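Examining the three-dimensional arrangement
Okay, here's what each chain looks like letter by letter:
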Amino acid sequence: MTGPWPSRLHWVLAACLLGGLAWGQSLNVAETTNTCGDADQALAAGQWESARSGYAACLAERPQRFEALSNMAMALTHLGRMDEAIQSYQKALVLSSGNPKVRFNLALAFIKVGNYEDGVVQLDRLKKAGSADPRVPELLAFCYYHLERYSLAAREAEQVHRTHPEDAANALVLGSAYTRMGQFDKALPLITFALQSAGSADGHLIMGQTLLGLRLYHPAMDELSQAAGLQPDLPGLHSALGVAKVGLGDSDGAAIEFTEALKKDPNDYQANYYLGRIRRLDGDRAAARKFLTRAEQLHPGAPEVLFELASIAAAEKDYAQAEPLLDRVLRKQPDHVEAHFLLSDVYRRTGRPESAKKERETFERLRQKEQERQSAKDSGKPPANGPSVSTANAPKEQ
């Protein structure tokens with residue numbers, strides 16, 4: 001099969017994974033001031049910083065414009081400032097009385113940062129409101145898969161597959177959900193079809209990104225290599241190759257890819273985060289801190305970044321800095337195994353044996369639970385304690 005895929009989910013997922021919400025056009029702003037109109041023009045031209053500053057000026061004049069808030073969020077998304085984008089979408093949603101397009105954009109923003117739970121909340125509200133947009137069940141399936149709620153993922157993906165059996169990305173999610181549920185006979189033809197469906201450079205890239213989202217690194221690398229062979233300067237390709245190489249254990253190769261990605265886009269959050277982690281593991285704490293600081297600016301409070309910064313502080317014996325960083329990680333991700341282990345060590349080294357013992361016990365309990373879950377996945381059976389929420393971009397999952 002050659003040319004672009006005949007599906008919709010592939011470009012919706014690309015919007016989430018590659019950072020370009022290209023499907024969404026600027027909301028019409030009737031009777032705009034010159035400031036608002038100039039911002040609209042900048043957005044349409046892809047001048048993201050000009051659009052952002054223009055909408056900020058527009059909102060200073062008329063703060064209740066939900067259209068301007070939504071459009072500014074789109075510009076912020078392209079600039080990698082996702083927390084600000086989400087806040088802007090949330091304000092727009094309140095002012096627009098639950099406008100479905102704003103709610104859908106907000107769901108996409110949550111998915112882009114790996115917050116699948118809140119993505120599901122917004123998509124489910126659209127579904128209950130009677131949305132006929134086929135992207136809603138497509139993205140619900142994607143979110144439920146990441147949350148390891150495989151039966152729900154299959155239910156949503158089956159709905160899409162009944163009307164759009166040609167949708168390769170949805171077929172991949174459905175087949176992967178069947179695999180996790182142990183329904184291998186149903187899974188095999190879907191996955192085979194999905195992997196044979198990418199033809200263009202864009203198609204290979206998008207399929208590779210989808211495979212990365214499912215943590216299938218070897219087939220993802222195959223797809224991304226084919227994309228590189230067809231169009232080596234394809235936007236987003238180097239960052240995707242970097243993630244694939246991290247998943248395959250090739251840190252040196254990943255660092256090369258992320259460095260190339262940052263040459264093209266210094267605001268690439270993924271490249272900054274992973275390069276910071278790689279440099280930290282290499283022992284180059286100064287370089288690690290530089291990249292991680294930029295990642296933290298792009299996505300303030302991201303727990304994976306906070307953990308890396310805490311690890312650097314602990315390695316430098318700056319326990320007064322490491323402890324509050326780890327506390328912030330665990331407030332957002334109470335089951336972060338590595339954070340409990342590192343906090344136990346911090347407590348031990350600062351003379352608090354009882355606290356250290358408690359954290360160590362929590363670490364051992366969570367590690368055992370994780371091992372049982374992995375064994376259940378490998379055997380194709382559901383874990384004894386039910387599905388658990390996976391952590392987006394957490395180092396332990398790579």
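Residues numbered from 1 in each chain as written. Predicted model: local features only at pLDDT ≥ 70, side-chain atom pairs only at ≥ 80, totals over all residues. Heavy atoms only, no water.

Moving on to the environment of Asp250. Along the chain, Asp250 falls in the loop between helix H14 (237-247) and helix H15 (251-264). Assessed through its relative accessible area of 35%, Asp250 is described here as partly exposed. (Helix = DSSP H or I, 4+ residues; strand = E, 2+ residues; numbered from the N terminus. Buried < 20%, exposed > 50% of the residue type's maximum accessible area, 1.4 Å probe, protein only.)

This part takes up the environment of Pro324. Its place among the elements puts Pro324 in helix H19 (residues 319-332). The exposure class assigned to Pro324 is partly exposed, which follows from its relative accessible area of 39%. Remark: the alpha-carbon pair of Pro324 and Leu343, spanning 19 residues in sequence, is separated by 9.7 Å.

What follows is about the state of the cysteines. Inspection of the entire model under this criterion finds 1 disulfide. The residue that forms a disulfide with Cys36 is Cys58, at a sulfur-sulfur distance of 1.9 Å. Its S-S torsion of approximately 85° makes the covalent link between Cys36 and Cys58 right-handed. One end of the pair, Cys36, is in helix H2 (residues 34-44); the other, Cys58, is in helix H3 (residues 48-61), with 22 residues separating them in the sequence. For the pair Cys36 and Cys58, one class covers both residues: buried. (Disulfide = S-S within 2.5 Å.)

A few words now on unusual backbone geometry. Phi is positive for Ser97, close to 55°, though the residue is something other than glycine. Within the secondary structure, Ser97 is located in the loop between helix H5 (82-95) and helix H6 (100-112). Classification of Ser97 by relative accessible area gives exposed; the value is 70%. The phi angle at Glu148 is positive, at roughly 65°, despite the residue not being glycine. The residue Glu148 is located in the loop between helix H8 (135-146) and helix H9 (150-163) in this model.

Quick look at the nonpolar core now. Counting residues in hydrophobic clusters, the biggest one holds 86 residues, and the most contacted among them are Leu123, Leu212, Leu224, Phe258, Val305 and Leu326. Apart from residues lying up to four places away in sequence, Leu224 is in contact with His204, Leu205, Gly208, Leu212, Leu237, Ala240, Leu241 and Ala244. Listed in part, the 27 residues of the second largest apolar core include Met72, Val102, Leu106 and Val113. (Core = buried A, V, L, I, M, F, W, Y, C linked by side-chain atoms within 4.5 Å. Contact = heavy atoms within 4.5 Å.)

Looking at the chain as a whole, the pLDDT averages 83, with 85% of positions reaching at least 70. Within the chain, helix H18 (residues 303-315) carries the highest mean pLDDT (96), whereas helix H1 (residues 9-18) carries the lowest (46). When the criterion is pLDDT under 50, residues 1-12 qualifies, and its contacts beyond four places in sequence or with other chains add up to 34 contacts. Low confidence marks residues 381-398, where pLDDT is under 50. Its contacts with residues over four positions away, or in another chain, come to 49 contacts. (pLDDT = per-residue confidence, 0-100.)

For the rest of this paragraph, the subject is the packing of H6 against helix H7 (residues 116-128). One can describe the packing of H6 onto H7 by two numbers: an axis separation of 8 Å at closest approach and a directional angle of 160°. Here H6 lies roughly antiparallel to H7, going by the angle between them. Like other packed secondary-structure pairs, H6 and H7 cross with a definite hand, here left-handed. Counted together, Pro100, Arg103, Phe104, Leu106, Ala107, Phe110 and Ile111 of H6 and Tyr116, Asp118, Gly119, Gln122, Leu123, Arg125 and Leu126 of H7 form the full contact between these two elements. (Axes fitted to C-alpha atoms, helices over the stretch in contact; angles between N-to-C directions. Parallel < 35°, antiparallel > 145°, perpendicular 65-115°, else oblique. Left-handed = near helix turned anticlockwise from the far one by under 90°.)

All right, on to H18 then. Look at H18: 18 Å from first C-alpha to last across 13 residues, which is about the 18 Å you get at 1.5 Å a residue. The element H18 is largely enclosed, with a buried count of 12 among its 13 residues. Taken residue by residue, H18 has Pro303, Glu304, Val305, Leu306, Phe307, Glu308, Leu309, Ala310, Ser311, Ile312, Ala313 and Ala314 as its buried positions. Structurally, H18 contributes buried residues whose contacts are with helix H16 (269-282), helix H17 (285-298), H19 and helix H20 (337-349). Count one or two residues on from H18 and you reach Lys317, which has phi positive near 60°. (Expected span 1.5 Å × (residues − 1).)

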